[in-house]
Amino acid sequence: MRSLFFHIDASKIKCQSIKTTVLAIFVSMFAGCTDLTETPYTFIDPGSYYKTEEQLNTALTGVYAGFRSFASNWALIYQLEIMTEHYSPGHTKQNSKALNAWQNVNQPTTYNFQIWDSGYDVINRVNVILGRGEGVDMTEQARAQIYAQVRFMRAYTMFTMLRIYGGLAIPESYTSGLDGLEIPRKTADETYDYIIQDLEYCITNLPTRSQWGSSAYYKASKGAAQALLGDVYLTRGCMNNNNTSDFQQAKKYLGEVIDSHEYELLPDYKDLWYWYVEDAAKNTKESLFECQFGTNANNELHLYFGVMDTQKSLGSTQWHRASVSHQAYFSYLPEDKRLSCMLTEYLTDAGEKRYWVPENQGFYGGVTGGWLTSGPGNVKFYDRTEAAYTSGCAKANFILIRYSDVLLNYAEVENYLNGPTSDAYEKLNEVHQRSLPTPVTSSLSKEAFDEAVYQERSWELLGEGQLYFDELRTNRLGKNVYEHVRKYFDLGYYLYDKLQFVPQQSFLWKIPQTSLDSNPALEQNPDNISDPNYPI
């Protein structure tokens, strides 16, 4: 690993317009700035920093912060949700209508630059620690634990980006100037292998949840790495013609999480969410890894997935970019306890009732008390405390990996390998029967059981940034988007536009044009072709 490093202090740059990528593998700055020659960057001298364990841990904190900005960024979660049938356009048009209708999918100058830039920010922060850490006087165990934590976050980041963009340009060091930045993309298989190597290192060197102890439950753990590696193998297997070898590896690592007994489902689904139990919802025994929010870190998902109001009963200010879709809401059985996460009414500060009116087809108001929101809210994002209202800062954590996800992934891959065995049913029903009184129907076919697992994931993980990837890897995305958008457009629902494109399993987002301009070695993804099985 090469050891030159420079750091850009973005706060020193005065900018007027949108962010772009100037260096190929992350040096983020801004386009349209008028005084770059007058405001120089500040540099950290590698000879005077990263000398002590304390300084390396400070840098580790910076990786956690950068990773939180990537993994819980509203733009990422918003796009992943609204490009499925589970979310629909909200109060203002913004990009909601275009995203929901899959417009401009082959444009390299659209909204996804935030994901690309933010992802490479994380990768670069990780590479700094890996590059500078060897020169720090500390025990090898402490060094390996720091390395493993950052490599976990790099793996999670790259796995997310791989599923969005395909094979990535992989920097072998951190940025050290403007030279040597023309890094070509690896293939998808090479990128998978790189992610797998990171996670294998994490499994070897990370403590378990119980070994970290309660004061450090927020840290990446061995169980989180095993769960993520299981997901990686499951995804690669699905994308590689249902590869049995990948599925066997997925089952192995998911099974190790289950057999560790480090995690369990909470008896009450409500106890997962800050809306109901406040700080007690953070880092529970069901959570394998989550983004931490608090007094100095505001969860903007509360803002962007809100119900377009500011009331003490709702906590801090809420906007409304996207709603739980009518289709998703009405897919739940009336007795499903997970419906408790759907916000359909509240009281104003004046004591007036506001409520969702399904008959309005996404249009606002229309009756006395009808609210300015196209659909239900999702309390998984919300902090309704008085402190949130006063400060404007929502402190609800965002869970990235939950034990229920592990159980459902295991049930899915077991079915792929051996059909709907009692083992697969056991894992599926463990999740299902927490929220519903009766078990999943027995004696299902392999195909029907797979549908049951997917339906359970839809109910369980709505709004958590998972379902887009689930549908893509299982080749459900195009069919589901086609049927959903066409139906609700034909019904005249608010802000639904005619579907412009139907994604296939091979769908890849375009790399931002700014990054292509900065790195001539990057090759753009080919134009996506709408699925010919679904005429538009």
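Since the model is a prediction, treat every value here as computed from it, not as a measurement.

Enquirer: Explain the overall build of the protein here, please?
Expert: When you go through the protein residue by residue, the secondary structure sums to 19 helices and 10 strands. In the protein, buried positions account for 60% of the 536 residues. Here the protein displays about 21500 Å² of accessible surface, and carbon together with sulfur accounts for 48% of that area.

Enquirer: Is there a simple way to explain the pattern of salt bridges in this structure?
Expert: Here the idea is simple: oppositely charged side chains can pair when their charged atoms come close. Counted according to the given criterion, the structure contains 29 salt bridges. One salt bridge in this structure joins Lys252 and Glu256, with 3.1 Å as the shortest N-O distance. One end of the pair, Lys252, and the other, Glu256, are both in helix α9 (residues 244-260), 4 residues apart, so they sit about a helical turn from each other. Exposure remark for Glu256: the relative accessible area of 28% places this residue in the partly exposed category. For Arg338, the salt bridge identified is with Asp336, shortest N-O distance 3.0 Å.

Enquirer: It is not clear to me how the side chain of Asn429 should be interpreted in this structure. Could you clarify?
Expert: With respect to the secondary-structure elements, Asn429 resides in helix α15 (residues 422-435). Beyond its immediate stretch of four places on either side in the chain, Asn429 contacts Pro439 and Val440.

Enquirer: What's the story with helix α1 (residues 53-71) in this structure? I'm lost.
Expert: Spacing of three or four residues puts side chains on the same side of an α-helix, whose turn is 3.6 residues. Counted at 1.5 Å a residue, the expected span for α1 with its 19 residues is 27 Å, and the 27 Å between its end C-alpha atoms agrees. Within α1, burial applies to Gln55, Leu56, Ala59, Leu60, Val63, Tyr64, Gly66, Phe67, Phe70 and Ala71. Looking at the buried positions of α1, the neighbouring elements they touch are α2 (74-82), α4 (113-132), α5 (140-165), β4 (287-291) and β10 (398-402).

Enquirer: Any chance you could explain the packing of α5 against helix α8 (residues 222-239) here in plain terms?
Expert: The description of two packed helices rests on the angle between their axes and on the distance between the axes. Running from N to C, α5 and α8 cross one another at 20°; their axes reach a closest spacing of 11 Å. On the basis of the axis angle, α5 is roughly parallel to α8. Crossing of α5 against α8: the hand is left-handed. Counted together, Phe152, Ala155, Tyr156, Phe159 and Arg163 of α5 and Ala224, Ala225, Leu228, Asp231, Val232 and Thr235 of α8 form the full contact between these two elements. For the contact of α5 with α8, a count of residues per class yields 8 nonpolar, 1 polar and 2 charged.

Enquirer: What am I meant to see in the nonpolar core here?
Expert: Generally speaking, soluble globular proteins have nonpolar side chains that are buried together. Of all hydrophobic cores here, the largest spans 154 residues; its most connected members are Trp102, Phe152, Phe289 and Tyr468. Looking at which element gives the most residues to this core, the answer is α5, with 15 residues. Setting aside its immediate chain neighbours within four residues, Tyr468 contacts Leu80, Met83, Thr84, Trp102, Leu477, Phe507 and Trp509.

Enquirer: Can you walk me through the environment of Glu335 in this structure?
Expert: Within the secondary structure, Glu335 is located in the loop between α12 (326-331) and β6 (342-343). For Glu335, a relative accessible area of 44% gives the class partly exposed. A sequence separation of 101 residues divides Glu335 from Leu436, and the C-alpha atoms of the two residues are 6.7 Å apart. Excluding anything up to four places from it in sequence, Glu335 contacts Ser435, Leu436 and Pro437.

Enquirer: Which parts of the structure should I look at to understand the environment of Tyr192?
Expert: Positionally, Tyr192 belongs in helix α6 (residues 188-205). Considering only alpha carbons, one finds Tyr192 and Thr235, 43 residues apart in sequence, at a separation of 10.0 Å. The residues contacting Tyr192, other than those within four sequence positions of it, are Phe159, Leu162, Val232, Thr235, Arg236 and Met239.

Enquirer: Would you mind going over the packing of aromatic side chains with me for this structure?
Expert: The geometry of an aromatic ring pair comes down to the distance between the two centres and the angle between the two planes. Counted by the stated rule, this structure contains 32 aromatic pairs. Measuring from ring centre to ring centre gives 5.1 Å for Phe363 and Tyr494, while their planes differ by 55°; the resulting arrangement is tilted. Of this pair, Phe363 sits in the loop between β8 (353-355) and β9 (377-378) while Tyr494 sits in the loop between α18 (477-490) and α19 (513-518), and the two are 131 residues apart along the sequence. Above the ring of Phe159, the side-chain terminus of Arg163 is found at 3.6 Å from the ring centroid. The ring of Tyr253 has Lys252 lying over it, and the distance from NZ or CZ to the ring centre is 3.9 Å.

Enquirer: When you look at the packing of α5 against α6 in this model, what are you seeing that I'm missing?
Expert: It is at 8 Å that the axes of α5 and α6 come closest, and there the two elements cross at 150°. With respect to each other, α5 and α6 are oriented roughly antiparallel. In terms of crossing hand, the pair formed by α5 and α6 is left-handed. Along the contact surface, α5 presents Ala144, Gln145, Tyr147, Ala148, Arg151, Phe152, Arg154, Ala155, Met158, Phe159 and Leu162, while α6 presents Ala188, Thr191, Tyr192, Tyr194, Ile195, Gln197, Asp198, Leu199, Tyr201, Cys202 and Asn205. Of the residues assigned to the contact of α5 with α6, the class counts are 15 nonpolar, 4 polar and 3 charged.

Enquirer: Which parts of the structure should I look at to understand the side chain of Asp246?
Expert: Examined against the element boundaries, Asp246 turns out to sit in helix α9. Residue classification places Asp246 among the buried residues on the basis of a relative accessible area of 5%. Asp246 has contacts with Tyr233, Arg236, Gly237 and Asn240, leaving out every residue within four places of it along the chain.

Enquirer: Hey, could you run me through the pairing of β10 in this one?
Expert: A large share of β10 lies buried, amounting to 5 of its 5 residues. Here β4 runs beside β10; their pairing, made up of 4 bridges, is antiparallel. Looking at the pairing, Cys291 lines up with Phe398 of β10.

Enquirer: Explanation requested: unusual backbone geometry in the structure shown.
Expert: Most of the time, phi is negative for any residue but glycine, and the peptide bond is trans. Residues other than glycine seldom take positive phi values, yet Asn104 does so here, at roughly 55°. Relative to the elements of secondary structure, Asn104 occurs in the loop between α3 (96-100) and α4. Overall, Asn104 belongs to the partly exposed group, its relative accessible area being 47%. One non-glycine residue, Met308, lies in the positive phi region at around 60°.

Enquirer: Would you mind going over the environment of Val502 with me for this structure?
Expert: Its place among the elements puts Val502 in the loop between α18 and α19. With 399 residues separating them in the primary sequence, Val502 and Gln103 have C-alpha atoms 9.8 Å apart. If sequence neighbours within four positions are ignored, Val502 has contacts with Gly478, Tyr482, Ile529, Ser530, Asp531, Tyr534 and Ile536.

How each quantity is defined
Residues numbered from 1 in each chain as written. Predicted model: local features only at pLDDT ≥ 70, side-chain atom pairs only at ≥ 80, totals over all residues. Heavy atoms only, no water. Helix = DSSP H or I, 4+ residues; strand = E, 2+ residues; numbered from the N terminus. Buried < 20%, exposed > 50% of the residue type's maximum accessible area, 1.4 Å probe, protein only. Areas by Shrake-Rupley, 256 points an atom, 1.4 Å probe, with all protein chains shown as cover. Salt bridge = Lys/Arg side-chain N within 4 Å of Asp/Glu carboxyl O. Contact = heavy atoms within 4.5 Å. Expected span 1.5 Å × (residues − 1). Axes fitted to C-alpha atoms, helices over the stretch in contact; angles between N-to-C directions. Parallel < 35°, antiparallel > 145°, perpendicular 65-115°, else oblique. Left-handed = near helix turned anticlockwise from the far one by under 90°. Nonpolar A, V, L, I, M, F, W, Y, C, P; charged D, E, K, R; others polar. Core = buried A, V, L, I, M, F, W, Y, C linked by side-chain atoms within 4.5 Å. Phe/Tyr/Trp six-rings, centres within 6.5 Å; stacked < 30°, edge-to-face > 60°. Lys NZ or Arg CZ within 6 Å of the ring centre and 35° of its normal. Pairing = 2+ DSSP bridges.

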